[in-house]
Amino acid sequence: MLSYQDRSLYADSVPLADIARKVGTPAYVYSAATIRANYRAYADALDGVPHQICFAVKANSNLAVLRLLAREGSGFDIVSGGELHRVLAAGGDPARTVYSGVGKTADEIDMAIANGIQSFNCESEAELGLIEAIAARHSKRVAFSLRVNPDVDAATHPYISTGLREHKFGIDIGEARDVYRRAAALPHLEAAGVSCHIGSQILDPTPLMEALDKVLDLARHLAADGLPIRHIDLGGGLGVAYRPEDPAPAISAYGQRLRERFAGAGFELILEPGRSIVAPAGVLLTRVLYRKRSYGKEFMVVDAAMNDLIRPSLYQSHHEIIPLRRSDRGTVVADVVGPVCESGDFLARGREMDNAAPGDLLAVCTAGAYGFVLASNYNARPRPAEVLVEDDRWRIVRERETYAGLMRGEEP
Ligand code: LLP
């Protein structure tokens, strides 16, 4: 997606400085070609086994991104009524949409059933009871998977690891068979699958395969019990290389291992990748406001902050920061910080980077996933614009929030 041509940083065939000048900063920029390529990497890697890719909307829910993926044939993984609305508005197919999440409300379940979603990934027996009651009101039979917790260590950041017994997610895999058996007595539910999701930003697929083996074993027992299990939903996709030297696993190699497990297994594979499809396709553009030195420490104050991209503050995550125009001024070791009034407001710490001057533009890389979607209005900062690049063209796919927009719905 990114390349330097004559010292200028391009997203595909568009100079990013053009976008920054016209749209202002901070702004998120996504490459349509990279999103498509990453989606197709999954589709190609799974060619030959029955499968469905359900893009995890939580990673990037911009309507243009969702529409682009819907046109590629993607299904969707949603976790709220809001995400369902976005999928529908983008032209996504509810019949290829799975609904995950530990706390679905009655209204959300009602809306999902009314719109004919494919399947619920249920996380508790209480939730199953509520879905049964609402499905009965609709006189519909509704497909579900139980999200089981396989007690496998995903070896990722503790906030995004979800498959250990102490986590709030899923149902103890050892109890799942009994829960399925009891659910079989509920007339408006159909046990269509088994699901799990052990975590995100997983760089070594081994724990995913370990979880899959446990889930496949359960699915075979359930099928033998006479349940109509059709699919296995293995949750999110692979992690990505935030640092150039990160050992990011290849989607093709992962697909190969999945194909081996699913060949002849008699189940369809559902995957819910988010990050690996959109993270590498996005950058956050920001402008240097000031340079300052305090107690011998170098600070680069930029116009993007933790409210625009919270990942560094929340997960100590690394995003490469590179100049939109390459210079000969060498490098500096600096903290890259935003205008928000918290010491936790930083995009990088102690980073060796381009020795940029006030007014210069920077790109914060690999920001297409869990970037804009986690943006807030903290410090009454309007959320950034979003731009989609298509080869040598680009368009604003979400306007920068206005001050009036910031206060919408409020009464003084
Ligand atoms: N399916 C379920 C049920 C999930 O909970 C998630 C992510 C996904 C799929 C997508 O996983 P992915 O392919 O993106 O790894 N905000 C954090 C990430 C939170 C992930 C939550 N669940 C971050 O910025 O790293």
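Residues numbered from 1 in each chain as written. Predicted model: local features only at pLDDT ≥ 70, side-chain atom pairs only at ≥ 80, totals over all residues. Heavy atoms only, no water.

Counting secondary structure elements, the protein contains 12 helices and 21 strands. On C-alpha atoms alone, the protein measures out to a radius of gyration of 22 Å, which is about the 22 Å that the 2.2 N^0.38 rule sets for 412 residues. Seen through its C-alpha atoms, the protein measures out along the principal axes to roughly 70 × 55 × 45 Å. A buried classification covers 55% of the 412 residues belonging to the protein. Considering only intrachain contacts with a sequence separation of at least 6, the fraction spanning at least 24 residues in the protein is 70%. Within the structure as shown, the protein displays about 17200 Å² of accessible surface, and the carbon and sulfur contribution to it stands at 49%. Across the protein, the 46 positively charged side chains and the 53 negatively charged ones have centroids separated by 3 Å. (Helix = DSSP H or I, 4+ residues; strand = E, 2+ residues; numbered from the N terminus. Rg over C-alpha atoms; globule rule 2.2 N^0.38 Å. Buried < 20%, exposed > 50% of the residue type's maximum accessible area, 1.4 Å probe, protein only. Contact = heavy atoms within 4.5 Å. Areas by Shrake-Rupley, 256 points an atom, 1.4 Å probe, with all protein chains shown as cover. Lys, Arg positive; Asp, Glu negative; His and termini not counted. Charge placed at Lys NZ, Arg CZ, Asp CG, Glu CD.)

Below, the discussion takes up the site of the ligand. With respect to spatial proximity, 19 residues lie near the ligand, and among them Ser-200, Glu-272, Arg-311, Tyr-315 and Tyr-370 are the closest. Interatomic distance of 2.8 Å between a backbone N/O atom of Gly-274 and an oxygen atom of the ligand. A distance of 2.6 Å separates an oxygen atom of the ligand from a polar atom in the side chain of Arg-311. Coverage of the ligand by the protein amounts to 91% of the 590 Å² it exposes when considered alone. Under a 2 Å grid-point criterion requiring more than half of the atoms, the pocket assigned to the ligand is the largest pocket. Both of domain 1 (2-29 + 280-406) and domain 2 (101-271) provide at least three residues apiece to the shell around the ligand. (Near = heavy atom within 4 Å. Polar contact = N/O pair within 3.5 Å; in protein donor to acceptor, adjacent residues only side chain to side chain. 1 Å grid on protein atoms, 1.4 Å probe; cavity = no way out; pocket = protein on both sides within 12 Å on 5 of 7 lines; lining within 4 Å. Sits in = over half its atoms within 2 Å of the grid points. Domains from an automatic or database assignment.)

With that settled, consider the layout of surface pockets. For the largest pocket, the calculated volume is near 740 Å³. If you go around the largest pocket, you meet 36 residues; those closest to its centre are Lys-58, Ile-160, His-197, Ser-200 and Tyr-370. Taken together, domain 1 (2-29 + 280-406) and domain 2 (101-271) each give at least three residues to the lining of the largest pocket, which thus spans both. (Points joined across faces, edges and corners; volume = space filled by probe spheres on them.)

Ordered in space as 1-2-3, the three strands form an open sheet in which the pairing is antiparallel. At either margin of the open sheet sits one strand with a lone partner, and together these are strand 1 (2-5) and strand 3 (14-15). By the bridge criterion, two bridges tie strand 2 (residues 8-11) to strand 3 in an arrangement that is antiparallel. Residue pairing in the sheet places Ala-11 in a bridge with Val-14 of strand 3. (Pairing = 2+ DSSP bridges.)

Another point: the pairing of strand 17 (residues 331-337). In terms of burial, strand 17 is largely enclosed, as five of its seven residues are buried. Here three bridges tie strand 15 (residues 297-302) to strand 17, and the two strands are oriented parallel to one another. Bridged to Phe-299 within strand 17 is Asp-335. Alignment of strand 17 against strand 18 (residues 346-354), held across six bridges, turns out to be antiparallel. If you follow Val-332 over to strand 18, its bridge partner there is Met-353.

Let's shift gears to the domain arrangement of the protein. Taken domain by domain, the protein consists of domain 1 (2-29 + 280-406) and domain 2 (101-271). A C-alpha centroid distance of 36 Å is found between domain 1 and domain 2. The interface of domain 1 with domain 2 comprises 10 residues on the first partner and nine residues on the second. Summing both sides of the interface, domain 1 and domain 2 together bury roughly 820 Å²; the carbon and sulfur share of this comes to 62%. Summed over the three residues of domain 1 that lose the most area to domain 2, namely Tyr-315, His-318 and Thr-366, the buried surface amounts to 54% of that side. For the interface between domain 1 and domain 2, the tally reads zero salt bridges. Its residues assigned to classes, the side of domain 1 that touches domain 2 shows four nonpolar, four polar and two charged. (Buried area = accessible area lost by both parts, 1.4 Å probe. Salt bridge = Lys/Arg side-chain N within 4 Å of Asp/Glu carboxyl O. Nonpolar A, V, L, I, M, F, W, Y, C, P; charged D, E, K, R; others polar.)

With glycine set apart, most residues show a phi of negative sign, and most peptide bonds adopt trans. A cis amide bond, omega -5 degrees, links Thr-25 with the succeeding residue Pro-26. Position of Pro-26 among the secondary structure elements: in the loop between helix 1 (16-23) and strand 4 (27-31). Even without being glycine, Arg-7 reaches a positive phi, approximately 75 degrees. Structurally, Arg-7 is set in the loop between strand 1 and strand 2. Of the residues examined, Arg-7 reaches a relative accessible area of 37% and is grouped as partly exposed. Phi is positive for Gln-316, close to 50 degrees, though the residue is something other than glycine. Counting through the fold element by element, Gln-316 comes out in the loop between helix 11 (311-315) and strand 16 (321-323).

Following both chains from N to C, one finds helix 2 (residues 32-45) and helix 9 (residues 251-262) inclined at 30 degrees, their axes separated by 8 Å at the closest point. In terms of orientation, helix 2 and helix 9 fall into the roughly parallel class. In this structure, helix 2 meets helix 9 at a crossing whose hand is right-handed. Residues Asn-38, Ala-41, Tyr-42, Asp-44 and Ala-45 of helix 2 form the contact with helix 9, whose own contacting residues are Ile-251, Ser-252, Gly-255, Gln-256 and Arg-259. Here the residues of the contact of helix 2 with helix 9 sort into four nonpolar, four polar and two charged. (Axes fitted to C-alpha atoms, helices over the stretch in contact; angles between N-to-C directions. Parallel < 35°, antiparallel > 145°, perpendicular 65-115°, else oblique. Left-handed = near helix turned anticlockwise from the far one by under 90°.)

So, on to the side chain of Glu-83. Looking at the element boundaries, Glu-83 is found in helix 4 (residues 81-89). Lys-58 is the oppositely charged side chain nearest to the buried, salt-bridge-free Glu-83, at an N-O distance of 5.8 Å. Not counting residues up to four positions away in its chain, the partners in contact with Glu-83 are Val-57, Lys-58, Asp-77 and Ile-78.

Next up on the list: the environment of Ile-396. If you trace the backbone, Ile-396 turns up in strand 21 (residues 393-398). A relative accessible area of 37% places Ile-396 in the partly exposed class. On a C-alpha basis, the gap between Ile-396 and Glu-83 in space is 21 Å, while along the polypeptide they are 313 residues apart. Excluding anything up to four places from it in sequence, Ile-396 contacts Val-23, Glu-386 and Val-387.

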